[in-house]
Amino acid sequence: MSRIGVAFDKARADGRAVLVGCMPAGFPTVDGSIAAMTAMVEAGVDVIEVEIPYSDPVMDGPVIQKASDIALAGGVRTADTLRIIEAVAATGAPVVTMTYWNPIEQYGVDAFARDLAAAGGTGLITPDLIPEEAGEWLAASEAYGLDRTFLVSPSSTDARLRMTVEHCRGFVYATAIMGVTGARSQTSDAAPVLVSRVREATELPVGVGLGVGTGAQAATVAGYADGVIVGSALIRRLLDAPDLDAGLAALRTLSAELAEGVRNPAR
Amino acid sequence: MSAGETAERFPDSAGHFGRFGGRFVPEALVAALDELDAAYRKAMTDEEFRAEFDALLRDYAGTPSLLYPAERFSAKVGARVLLKREDLNHTGAHKVRNVLGQALLTRRMGKRRVIAETGAGQHGVATATAAALFDLECVVYMGEVDTERQALNVARMRMLGATVIPVTTGSRTLKDAMNEAMRDWVANVDDTHYLIGTAAGPHPFPELVRDFVRGIGDEARRQCLDLTGALPDAVLACVGGGSNALGIFHAFVPDTDVRLYGFEAGGEGVDTDRHAASITGGTPGVLHGARTYVLQNADGQTIESHSISAGLDYPGVGPEHAWLHDSGRARYQPVTDAEAMAAFELLCRTEGIIPAIESAHALAGAVQIAPQLAAELGREPVLVVNLSGRGDKDVHTAGEYFGILDKEQ
Ligand SMILES: Cc1ncc(COP(=O)(O)O)c(C=O)c1O
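Small disclaimer: the values here were computed from a predicted structure and weren't measured.

In this structure, what is going on with the sheet that holds strand S4 (residues 123–125) of chain A? I would like to understand it.
Strands in a sheet are paired, the pairing made by backbone hydrogen bonds, and the direction either parallel or antiparallel. Residues and elements named next belong to chain A. Across the sheet, which stays open at both edges, the nine strands sit in the order S5-S4-S3-S2-S1-S9-S8-S7-S6 with parallel pairing between neighbours. Edge positions in the sheet fall to strand S5 (147–149) and strand S6 (151–152), since each of these pairs with one other strand and no more. Where S6 meets strand S7 (residues 172–175), two bridges bridge the pair, whose relative direction is parallel. Paired with Val152 across the strands is Ala174, a residue of S7. Taken strand by strand, helix H1 (residues 3–13) contacts strand S1 (18–24), strand S2 (47–51), strand S3 (95–98), S5 and strand S9 (227–230), and its axis lies near 140 degrees from that of S1. In this fold helix H4 (residues 78–89) packs onto S2 and S3, with an angle of close to 155 degrees to the strand it touches most, S3.

Here it is in structure tokens:
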């Protein structure tokens, strides 16, 4: 079983959900992002999702766009992302990578899979890669024992949902709302329905993302999902802070609040 | 056998043109793309749809557009140049064909809202026009840089009842407008059709847009035969995303003696970092839902494009062009800003026609290839050039370029 799978099993045994925290690599700087992700782990985030910054992130809202722009303007390269993954994996937390497809295609799919495995990464979440186009990645992830997380959406038909989860390994990512990333005041009613549809199709754990920003929301989502995925709300703590230290402190506070939330699932 | 037979094998049912095309999109959009694909396939075999579309093209858009022998321009170029006058269409460009087709599809799918991206504003104006005609809500995303250089078109869209949203992210041009439109679509896909303005994006858009604009080439082929008794030696078009070029190429693809030339925006030169020539200056990658040629760095980050022409200022290109390039069926060459503006001026002065700066790239292409083609053929070549749009929207840009605006303007 993959390291992500172990984390989900352990959480399930403890009667709680896994907290997945997302941060773009190289934001605000390479070292700053390592410090941020380490702080998140120390404050109770179970799994770190490192997003490879991309110039045209069509699934992302303004917060992640801005953070990605800052990272890219700072000159972060794909190779730096691998270095960051290695450093964060050294904390012992599983590190999964979220990436638009073009950076991987340009690095070389097989080469990236090889280097990701060597860096201690567990696998990829691919927001703009559907299984039909993923031939090379399916092969490379087999070859290097990496997890594959494709997204399912409220608009996915039953047939597509089944096909998509069959190609997943590690966990399934359910996009809770029809829309881009960004914290929202309410998570959607569509999410529990989607999660139960996924459960009918697979034994794999299901993570729910898009919109979660508070401990209370995390508790709500933890009530029906195996994983709670938080990005924009965490990133905003760094964006809004006057300096990195203040940002890290705010990040710790929110991480702890969210960690508390996933430990008190609303049932 | 129809002229398009050979080309109609492409793309495959998943939208692949060889290694290009496909669907690199969020799962949230797949259902909408499938719905669109089904609606489009049904429409293409539906007599009623064809009749409605043909009537709109004829009675509303004013097609078939003329094929005009531009004799004074020809004499300067050293080739017999036949201009496909898409500039005379309603709204002033070839784009009206695509929007009318997609607006009809939108109505058939029962959607009430259309969104679009626009560069020069031509596609935005065309979309706003169709939305007014079909009583659809219309939102147009336009890079902030483009709203400034194409202010006239912004006003036109607003007059037609559309909401224009200036896009302030990234390079603030067409690619970023496309990102914003995609984000809107992901969030509103239930009641919204994304009316893509060029033969790019995820399957089925490249195929669907091509089929809605292919009348350009169907008409031009027939008109050229009527006018000259033969097919042309070459067909020329500018290539931004690639719709006007595919529109005019498609009917000629099986005519292997007819050379197909696409002219990309070479900006300040493809050897500089300020151009928009995705095929001649880019590499294969994934952008905006398809695999195609992209201007990108080694990490796959999109590089900002540059062109004096807002409509060509895009770092990608439709996947069918990538495939026509790889297969050798069409040739792609860059035209610099300076070459395009020289051809722009030449057409103004010889024919009394002010072309869109986009189209001026195709005119400059005629200037580029005429001597070599004449030498190869041993006679004056016959060139069909797609005059994809008129230059009213470019008067300010051109006026500045030529330094003919009064100071206070
Ligand atoms: C007149 C005209 N020609 C050409 C283009 C480029 O688009 P495409 O390559 O899709 O024809 C534009 C785009 O705005 C345009 O307005």
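What exactly am I supposed to notice about the site of the ligand here?
Residue and element names in this part refer to chain B. For the ligand, the set of nearby residues contains 18 residues, the closest of which are Thr198, Gly240, Gly242, Ser243 and Ser388. Between the ligand and the protein, one listed contact pairs an oxygen atom with a backbone N or O atom of Gly240 at 2.7 Å. Note that an oxygen atom of the ligand is positioned 3.2 Å from one of the backbone N or O atoms of Gly241. Alone, the ligand offers 390 Å² of accessible surface; in the complex the protein occludes 98% of this. Here the ligand occupies the largest cavity. Mapped onto the shell around the ligand, the elements with two or more residues apiece are strand S9 (234–239) and helix H11 (243–249). The residue makeup of the shell around the ligand, split by class, is five nonpolar, eleven polar and two charged. A domain split of the shell around the ligand shows at least three residues from each of domain 1 (3–58 + 94–209) and domain 2 (62–92 + 213–408).

Is there a simple way to explain the environment of Leu383(B) in this structure?
Here Leu383(B) shows up in strand S14 (residues 382–387). Leave out the neighbours within four places in its chain, and Leu383(B) touches Ala79(B), Arg80(B), Val81(B), Leu82(B), Ala234(B), Leu236(B), Ala366(B), Ile369(B) and Leu373(B).

Even after reading the chapter, I still don't get the sheet that holds strand S4 (residues 80–85) of chain B, so can you show me in this structure?
All names here are of chain B. Here we have six strands laid out as an open sheet, ordered S3-S4-S14-S9-S10-S13, and mixed in their pairing. If you trace the sheet from one side to the other, it starts and ends with strand S3 (67–69) and strand S13 (330–336), each paired once. Each neighbouring strand pair of the sheet contributes to a mean axis angle of 30 degrees, computed without reference to strand direction. Taken together, the seven bridges between strand S10 (residues 259–267) and S13 define a ladder with parallel strand orientation. The residue bridging Leu260 from the neighbouring strand is Ala330, located in S13. Lying over the sheet, helix H10 (residues 215–228) contacts S3, S4 and S14, oriented at roughly 140 degrees with respect to S4. Where helix H15 (residues 357–377) meets the sheet, its contacts fall on S4, S9, S10, S13 and S14, and the angle it forms with S10 comes to roughly 130 degrees.

Teacher, can you tell me more about H1(A) here?
Residues lying three or four places apart along an α-helix face the same way, a consequence of the helix completing one turn every 3.6 residues. Residue and element names in this part refer to chain A. Considered for burial, the residues of H1 that qualify are Ile4, Gly5, Ala7, Phe8 and Ala11. The arc that holds every buried residue of H1, seen down its axis, measures 160 degrees, which confines them to one face. The exposed residues of H1 that point more than 90 degrees off its buried face are Lys10 and Ala13. Packed against the buried residues of H1 are S1, S2, S3, S5 and S9. Among the residues trailing H1, Gly15 stands out with phi positive, at a value near 70 degrees.

Help me understand the nonpolar core, please; the structure alone is not making it clear to me.
Generally speaking, soluble globular proteins have nonpolar side chains that are buried together. Among the nonpolar cores identified, the biggest contains 111 residues, and Leu100(B), Leu105(B), Trp185(B) and Phe249(B) are the most heavily contacted of them. No other element matches helix H1 (residues 27–44) of chain B, which puts nine residues into this core. When residues of this core are sorted by domain, at least three fall in each of domain 1 (3–58 + 94–209) and domain 2 (62–92 + 213–408) of chain B. Apart from the residues within four sequence positions on either side, Leu100(B) is in contact with Phe53(B), Leu56(B), Leu57(B), Tyr60(B), Ala61(B), Ala130(B), Leu133(B) and Phe134(B). Judged by nonpolar contacts, the second largest core, of 76 residues, contains Ala67(A), Ile85(A), Leu129(A) and Tyr224(A).

What exactly am I supposed to notice about the domain arrangement of chain B here?
A common way to express how large an interface is: the accessible area buried when the components associate. Residues and elements named next belong to chain B. Partitioning chain B into structural domains gives domain 1 (3–58 + 94–209) and domain 2 (62–92 + 213–408). Listed per partner, the contact involves 51 residues of domain 1 and 53 residues of domain 2. Both sides of the domain 1 and domain 2 interface together cover about 4,200 Å² of buried area, and 58% of this is carbon and sulfur. On the domain 1 side of the contact with domain 2, Phe20, His94 and Arg97 bury the most area, a combined 20% of that side's loss. On the surface where domain 1 and domain 2 come into contact, there are three salt bridges. With its nearest N and O atoms 2.6 Å apart, the salt bridge here joins Glu86 to Arg97. Elements represented by at least two residues in the side of domain 1 that touches domain 2 include exactly strand S2 (20–21), helix H2 (47–61), helix H4 (95–108), helix H5 (122–134), helix H6 (144–149), helix H7 (151–159), helix H8 (174–188) and helix H9 (205–213). Top contributing element to the side of domain 1 that touches domain 2 by residue count: H8, with five residues. Among the residues making up the side of domain 1 that touches domain 2, the classes are represented as 21 nonpolar, 19 polar and eleven charged.

Reading the values: rules and limits
Residues numbered from 1 in each chain as written. Chains lettered and ligands numbered in written order. Predicted model: local features only at pLDDT ≥ 70, side-chain atom pairs only at ≥ 80, totals over all residues. Heavy atoms only, no water. Pairing = 2+ DSSP bridges. Helix = DSSP H or I, 4+ residues; strand = E, 2+ residues; numbered from the N terminus. Contact = heavy atoms within 4.5 Å. Axes fitted to C-alpha atoms, helices over the stretch in contact; angles between N-to-C directions. Near = heavy atom within 4 Å. Polar contact = N/O pair within 3.5 Å; in protein donor to acceptor, adjacent residues only side chain to side chain. Areas by Shrake-Rupley, 256 points an atom, 1.4 Å probe, with all protein chains shown as cover. 1 Å grid on protein atoms, 1.4 Å probe; cavity = no way out; pocket = protein on both sides within 12 Å on 5 of 7 lines; lining within 4 Å. Sits in = over half its atoms within 2 Å of the grid points. Nonpolar A, V, L, I, M, F, W, Y, C, P; charged D, E, K, R; others polar. Domains from an automatic or database assignment. Buried < 20%, exposed > 50% of the residue type's maximum accessible area, 1.4 Å probe, protein only. Arc of directions from axis to C-beta. Core = buried A, V, L, I, M, F, W, Y, C linked by side-chain atoms within 4.5 Å. Buried area = accessible area lost by both parts, 1.4 Å probe. Salt bridge = Lys/Arg side-chain N within 4 Å of Asp/Glu carboxyl O.

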